[in-house]
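A structural walkthrough
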Amino acid sequence: MSRISKKKPALCTDEPLSNSTICQKITLLRNILSTAYGPTGRLKQIHNNVGGHVLTTSTSTALLKRLEMSEPLLKLISTALQHHTTRYSDSGLFMGIFTLTLIENTKKYGLRTSTAIKVYKHLVEQCNVYLKGDSCGCKVPVEFSSCDSLVALARSMITSKPACMLDSREMQQISSLITQAFLYSIPCNSSGTACFGRTVTIGIEGQSVNHSSVFPGLLLDVPEMLLPGDLERLGDGPFKVVLFGVSLSGDISEVGDVALEVHRGLNPERDLLQQLLKIGEQAVKDKVSLFACQKVVHPVLQHYLREHEVVVIERLGLALMEPFAKITGARAVASLFSLVPMEAYGLVAGLCFQDCGSKKLLQLLSSKHAAISTMVLCHRNETMLEELKMTCQRAEHVLRLTLREPYALLGGGCTETQLATHISHMNQSTAPTTAAALGISHSEFLMAVESFRSSLLAVALSLEHDGQDCLIDLTYGHRWVMDISSQTEVKHTCGCGLLEDRSNLEKTHLNTACQTFSPVFLENSDTQPKVLDSFSAKLNALNVAVEMASLVLDVKYIIKDVN
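Our subject in this report is the structure included herewith.

Conventions used here
- Residues numbered from 1 in each chain as written.
- Predicted model: local features only at pLDDT ≥ 70, side-chain atom pairs only at ≥ 80, totals over all residues.
- Heavy atoms only, no water.
- Patch = residues over 30% accessible without salt bridge, like charges linked within 9 Å, V, L, I, M, F, W, Y side chains within 5 Å.
- Areas by Shrake-Rupley, 256 points an atom, 1.4 Å probe, with all protein chains shown as cover.
- Salt bridge = Lys/Arg side-chain N within 4 Å of Asp/Glu carboxyl O.
- Helix = DSSP H or I, 4+ residues; strand = E, 2+ residues; numbered from the N terminus.
- Pairing = 2+ DSSP bridges.
- Buried < 20%, exposed > 50% of the residue type's maximum accessible area, 1.4 Å probe, protein only.
- Contact = heavy atoms within 4.5 Å.
- Polar contact = N/O pair within 3.5 Å; in protein donor to acceptor, adjacent residues only side chain to side chain.
- Axes fitted to C-alpha atoms, helices over the stretch in contact; angles between N-to-C directions.
- Phe/Tyr/Trp six-rings, centres within 6.5 Å; stacked < 30°, edge-to-face > 60°.
- Lys NZ or Arg CZ within 6 Å of the ring centre and 35° of its normal.
- 1 Å grid on protein atoms, 1.4 Å probe; cavity = no way out; pocket = protein on both sides within 12 Å on 5 of 7 lines; lining within 4 Å.
- Points joined across faces, edges and corners; volume = space filled by probe spheres on them.
- Nonpolar A, V, L, I, M, F, W, Y, C, P; charged D, E, K, R; others polar.

A few words now on a nonpolar patch on the surface. On the surface, a cluster of nonpolar side chains totalling about 250 Å² of accessible area is made up of F144, F196 and L403. You can see F196 is positioned in the loop between α7 (168-184) and β5 (198-205).

Structure below.
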């Protein structure tokens, strides 16, 4: 007889942000994210207590996927952050640090929740108007007539991921490859609605980064027993292609979702092999040159096809089915028991071998101008290679976002300092009327503005990890740090690289009290910023951060079912 246990009552936490344990966890997560931020961010190593894979990274996506959080409020923030990076691929750490700092500053300044939420919503709307306006000093256009801004944007993403372990020359090479892959993905000479292409990423461990490259078309592992002479016998393309999405292994359990009726005296395996050979005979009859399968191809069928000079590719895998179908125009055949319709066949313009480091790959060239390319990334060990692959894929996605909104924001903390300066100056004179419109006191409004401003500056301060002072100039509102390369005089470097230091440019330490001012809009500058951030990603991160901070601040109870 089973024992019936009495249900335990749910645990209820009142005013969770007044709980010291929860506040300590918020601070801990903010420290984890802020110490990983920027080019000199500290790496994080995550492993479990029973061994297994060890993750070394500084990216928010990899960190939060592996961090187990027991606190519901932190789970909420983590989920929102991961959703943001899935859609925009950048500014995850910015969003996390800003969200958590806003929450902490609201408690630090003793603001009422309702007051903070009202003012933060008002201020983020001001930020949106400023960032989208023509007089925004921290927004730069992305020019497609030149690759410079695209390469700078890609390089900024690579530079901000120290776990990639690249030197300056390697960074420049990888940034150029990302831009090249992005340009390959834009369809040319397309009529009607144009669709983006696809970049397939292949990693080769144990090789120098210098061997990395981008190739038009699709690169695949060379099939067993395929020799250069086999491709020479095929002659010039185009070549007919057939693609199977079902197993051709001859195993009864792999035939798919069909009902089989087996009569006495019949051998199902033998009959299935005969059916496979019929497929091979049809492929030869229809003059197929490339026979591809997502899964396994029976050795007898492979032998038959090779005897008839057909190139066989098996174990293609689900991930490569879509790009293979796009580049060939083939429709995946899903049944073994029907003839392949003529419209299911595809074409490739050519087949050739490519040497990539120590690896030889088979290159498929498109005959239909499909915007498919393959990025081959090489690195010295698995940890660096995985971080590099993830960063390159996200950087290419960020470049795609510029087609929708062809702008970038100044990097290196300069956007944060300019926004903070703009918000502080804009609300200094209008504070009485705005406070009255929001139904709060003048002093509460100014306190909330200060909380928002210092939270933005805290993100800019998080970029520094080596104890150097961070400054802000009182003209343009850019972030500055000491130029350690200057041996003769004390010089400072602008975070984004747009401005040169000069003796009459007044500066003060970040996050200290100073006279409010409106940042000067720099026009007709011949200098291009060296560090850029994604406009779309940061704008969304800014808005979601304020929404999440407001949501967490508004939580009155946490009710946890412990049964």
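Quick look at the pairing of strand β11 (residues 346-356) now. With 3 bridges joining them, strand β8 (residues 239-244) and β11 adopt antiparallel strand pairing. Paired with F239 across the strands is V348, a residue of β11. A loop of 2 residues connects β11 with strand β12 (residues 359-366), the two strands running antiparallel in sequence, and G357 in this loop sits at a positive phi of about 65°.

A separate point is helix α11 (residues 318-328). Turning to α11, its buried residues are M321, P323, F324, I327 and T328. Trailing α11 by a residue or two, G329 shows a phi angle of about 80°, which is positive.

Relative to the helices and strands, K556 is located in the loop between α15 (535-553) and β20 (557-560). Take K556: its relative accessible area is 40%, and that puts it in the partly exposed class. Beyond its immediate sequence surroundings of up to four residues, K556 is in contact with T13, D14, E15 and P16. Polar contacts involving the side chain of K556 include one to the side chain of E15, which spans 2.4 Å.

Right, let's talk about unusual backbone geometry for a bit. In this structure, S89 takes a positive phi of about 65° despite not being glycine. Under the relative-accessibility criterion, S89 is labelled buried at 10%. In this structure, K287 is a non-glycine residue whose phi angle is positive, near 60°. Summarising the element assignment, K287 is placed in the loop between α9 (268-285) and β9 (290-293).

Here we take up the sheet that holds strand β14 (residues 407-410). As summarised here, the arrangement of the 3 strands in space is β4-β14-β19, forming an open sheet in which the pairing is antiparallel. Looking at strand neighbours, the two that pair on one side only are β4 (139-141) and β19 (532-534), the edges of this open sheet. Ignoring which end each strand starts from, the neighbouring axes of this sheet average 45° apart.

Turning to the pattern of salt bridges, a few remarks are in order. A side chain of one charge can pair with a side chain of the opposite charge when the charged atoms of the two come close. One pass over the structure, following the stated rule, counts 16 salt bridges. One salt bridge connects E444 with R112, and the closest N-O pair in it is separated by 2.8 Å. With E444 in helix α14 (residues 442-461) and R112 in the loop between α4 (92-108) and α5 (113-132), the pair connects residues that are 332 residues apart, well separated along the chain. Owing to a relative accessible area of 46%, R112 belongs among the partly exposed residues under this scheme.

Below, the discussion takes up the packing of aromatic side chains. What the rule picks out here adds up to 5 aromatic pairs. Between F98 and F452, the ring centres sit 5.5 Å apart and the planes meet at 85°, which makes this aromatic pair edge-to-face. Highlighted residues: F98 in helix α4 and F452 in helix α14, separated in sequence by 354 residues. The exposure class assigned to F452 is buried, which follows from its relative accessible area of 0%. Through successive ring pairs, a cluster of aromatic residues spans F94, F98, Y120 and F452. Taking the ring centre of Y407 as reference, the NZ or CZ of K139 above it sits at 4.5 Å. One cation-aromatic arrangement involves K507 over W480; the distance from NZ or CZ to the ring centre is 5.1 Å.

Okay, the side chain of H298 next. With respect to the secondary-structure elements, H298 resides in the loop between β9 and α10 (299-307). Within the structure, H298 has its side chain in polar contact with the backbone nitrogen of V300 (distance 3.0 Å). Residues within four places of H298 in sequence aside, it is in contact with L248, S249, G250, L273 and L276.

The next point concerns the layout of surface pockets. There is about 570 Å³ of room inside the second largest pocket. Lining the second largest pocket are 23 residues, and of these K139, V140, P141, Q528 and P529 sit closest to its centre. Mapped by element, the contributors of at least two residues to the lining of the second largest pocket are β4, α6 (148-159) and β14. Taken together, the residues that form the lining of the second largest pocket break down as 11 nonpolar, 8 polar and 4 charged.

Within the secondary structure layout, I117 lies in helix α5. With relative accessibility at 22%, the residue I117 sits in the partly exposed group. Considered as a pair, I117 and D554 are 437 residues apart in the sequence and their alpha carbons are 8.3 Å apart. With residues near it in sequence (within four places) discarded, I117 still touches S550 and D554.

The strands that make up a sheet pair up through hydrogen bonds in the backbone, lying either parallel or antiparallel. Judged by pairing direction, the sheet is mixed, and its 6 strands sit side by side in the order β7-β12-β11-β8-β9-β10 without closing on themselves. Two strands in the sheet have a free side with no partner beyond their single neighbour: β7 (218-221) and β10 (311-313). Adjacent strand axes in the sheet meet at a mean angle of 35° when their direction is disregarded.

This paragraph deals with the environment of K326. The topology assignment puts K326 in helix α11. For K326, a relative accessible area of 37% corresponds to the partly exposed category. Residues K326 and A370, spaced 44 residues apart in sequence, show a C-alpha to C-alpha distance of 6.6 Å. Aside from chain neighbours lying at most four places away, what touches K326 is F196, A370 and I372.

So, to be careful, I would describe these as geometric facts and stop short of saying anything about function.
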